[in-house]
Amino acid sequence: MTLLDPDGTAVGVVPDDATLLRSLDLLITARRLNDQAYALVRQGRLAVYPSSHGQEACQVAAAQVLDPADWLFPTYRDTVAAVVKGVDVVEALSLLKGDWHCGYDPTEHHVAPHTTPLATQLPHAVGVAHAARLRGEPTVVMAMCGDGGTSEGDFHEALNFAAVFQAPVVFFVQNNEYAISVPLSRQTAAPSLAHKGIGYGIPGERVDGNDMAALLTVLGAAVARARAGEGPQLVEAHTYRMQAHTNADDATRYRDEADVAAWLPRDPITRLQAYLRDRGALTAETEAAFAAAAERAATHLRDGLNQDITPNPEDLFAYVYERPTSQLREQAALIADELSREGAQ
Ligand SMILES: Cc1ncc(C[n+]2csc(CCOP(=O)(O)OP(=O)(O)O)c2C)c(N)n1
């Protein structure tokens, strides 16, 4: 589904101006954070950053259609989704700085830890959704993965379980055409990734991943459907990874600059700006306010990651189990003893 053409013309019923203005504000901040994080890698402040520059609309929409009590299960590329759901961007990225196993408390905003192993988060997401249903809670779970993630066994197990048990979960696949250097044509023989729901009895829908209006509409309907007890849904957003997989990857080795250039005019920000300007809903003043908010967010990220923190080795044991095992207690005591002897020297 597309609701806004690349030039910003509405070709269907789009969400109201206030919703779209708020989305544009979030999109502009999201782009600024992506670019700031990329710069922080070059300054040695982050070990690695998988940018979602150009894909931000998918993530802003995914987080925006959820209620605070709903759960989001992000991948390593979904920092923006976690931030829009409420996680502080410095905490969200401290994992990639190498300071923490997660960096934030997943229960605070109902955002699971970012996963690096592909698709392992999907069975977990279904488990949370199933548990919520058994308890009679109205919780919906947004389970995110990339096109490459749909080739993993965990993806298929998660879809099957969710369909059989009618778990309130939305599987949201961001198809950005590449899994590092592997193009979509080497990933699947299916006509689309949305088709993958059919074999499991799950409706699948394709949406333009650079169209904020369409994403809010399709994902919003999938969440409402799941909340109403009508079961899971698969949504495939077609977008494009504008930058390299991470800073460690050289994308020029496996794709043409012309392909990248062809996606530039479909940018989610310029498309939404054009629509809102044309309606008179976006003034120069509002645009300046959005840019200033984005700049404040970037400063907060820079300041946060420029802090050198001293990790406490005892924290290694603190969050493994709710009640630590005897072995962990023993190891923690050994470390505590070593630390106190070092301190005494
Ligand atoms: C189980 C597993 N196998 C392989 C990898 C190595 N790996 C990291 S990212 C990636 C590509 C993933 O592509 P996709 O799912 O399309 O997500 P994208 O990076 O495009 O957002 C691979 C193969 C991994 N992290 N986990």
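Bear in mind that the values here come from a model prediction, so they are computed numbers and not experimental data.

Trainee: Which parts of the structure should I look at to understand the overall build of the protein?
Mentor: In terms of helices and strands, the protein carries 13 helices and seven strands. A compact globule built from 345 residues should have a C-alpha radius of gyration of about 20 Å, and the protein, at 21 Å, falls within 12% of that. On the principal axes, the C-alpha backbone points of the protein span a range of 70 × 45 × 40 Å. Across the protein, every contact between residues at least 6 apart in sequence was considered, and the portion connecting residues at least 24 apart equals 75%. Surface accessibility of the protein: about 15900 Å² in total, with carbon and sulfur atoms responsible for 53%.

Trainee: Just checking my understanding: could you explain the domain arrangement of the protein for this structure?
Mentor: Partitioning the protein into structural domains gives domain 1 (17–309) and domain 2 (312–344). Computed from C-alpha coordinates alone, the two centres of domain 1 and domain 2 are separated by 36 Å.

Trainee: So what exactly am I meant to see when it comes to helix 10 (residues 268–278) here?
Mentor: Note on helix geometry: an α-helix contains 3.6 residues per turn, so any two residues three or four positions apart are oriented the same way. Every buried residue belonging to helix 10 is among Pro268, Ile269, Arg271, Leu272, Gln273, Tyr275 and Leu276, and all of these are buried. Considering only its buried residues, helix 10 is in contact with helix 1 (17–42), helix 2 (56–64), strand 6 (204–208), helix 8 (212–227) and helix 11 (284–306). One side-chain oxygen at the N-terminal end of helix 10 lies 2.7 Å from the backbone nitrogen of Ile269; it belongs to Asp267. A positive backbone phi angle near 80 degrees is found at Gly280, which sits one or two residues after helix 10.

Trainee: In this structure, what is going on with the UniProt feature "domain: Dehydrogenase E1 component" (unreviewed entry) in the protein? I would like to understand it.
Mentor: The UniProt record annotates "domain: Dehydrogenase E1 component" (unreviewed entry) at residues 30–294. The span residues 30–294 shows a helical share of 43% and a strand share of 12%, and its end C-alpha atoms are spaced 8 Å apart.

Calculation criteria
Residue positions within a chain follow its written sequence, with the count starting from 1. Per-residue local features are limited, in this predicted model, to residues with pLDDT of at least 70; the limit for side-chain atom pairs, both in listing and counting, is 80 or more; totals at the level of whole chains, interfaces and linings are taken over all residues. Neither water nor hydrogens contribute to the side-chain values; these are computed over all heavy atoms in the structure. Only DSSP runs of H or I with at least four residues qualify as helices, and only runs of E with at least two residues qualify as strands; both kinds are numbered from the N terminus onward. Radius of gyration here uses only the C-alpha atoms, and the compact-globule reference equals 2.2 Å multiplied by the residue count raised to the power 0.38. Any two residues having at least one pair of non-hydrogen atoms within 4.5 Å are treated as being in contact. Reported accessibility uses the Shrake-Rupley method at a 1.4 Å probe radius. Residues are deemed covered only where the shown protein chains occlude them. Domain delimitation follows an automatic or database domain assignment. Classification of residues uses two cut-offs on accessible area relative to the type maximum, computed with a 1.4 Å probe and protein chains only: under 20% is buried, over 50% is exposed, and between them is partly exposed. Under the rule applied, a polar contact is a pair of N or O atoms within 3.5 Å (in protein, one hydrogen donor and one hydrogen acceptor; residues adjacent in sequence only if both atoms are side-chain atoms). UniProt positions are given in the numbering used here, feature names are shortened, and annotations may be inferred rather than shown by experiment.

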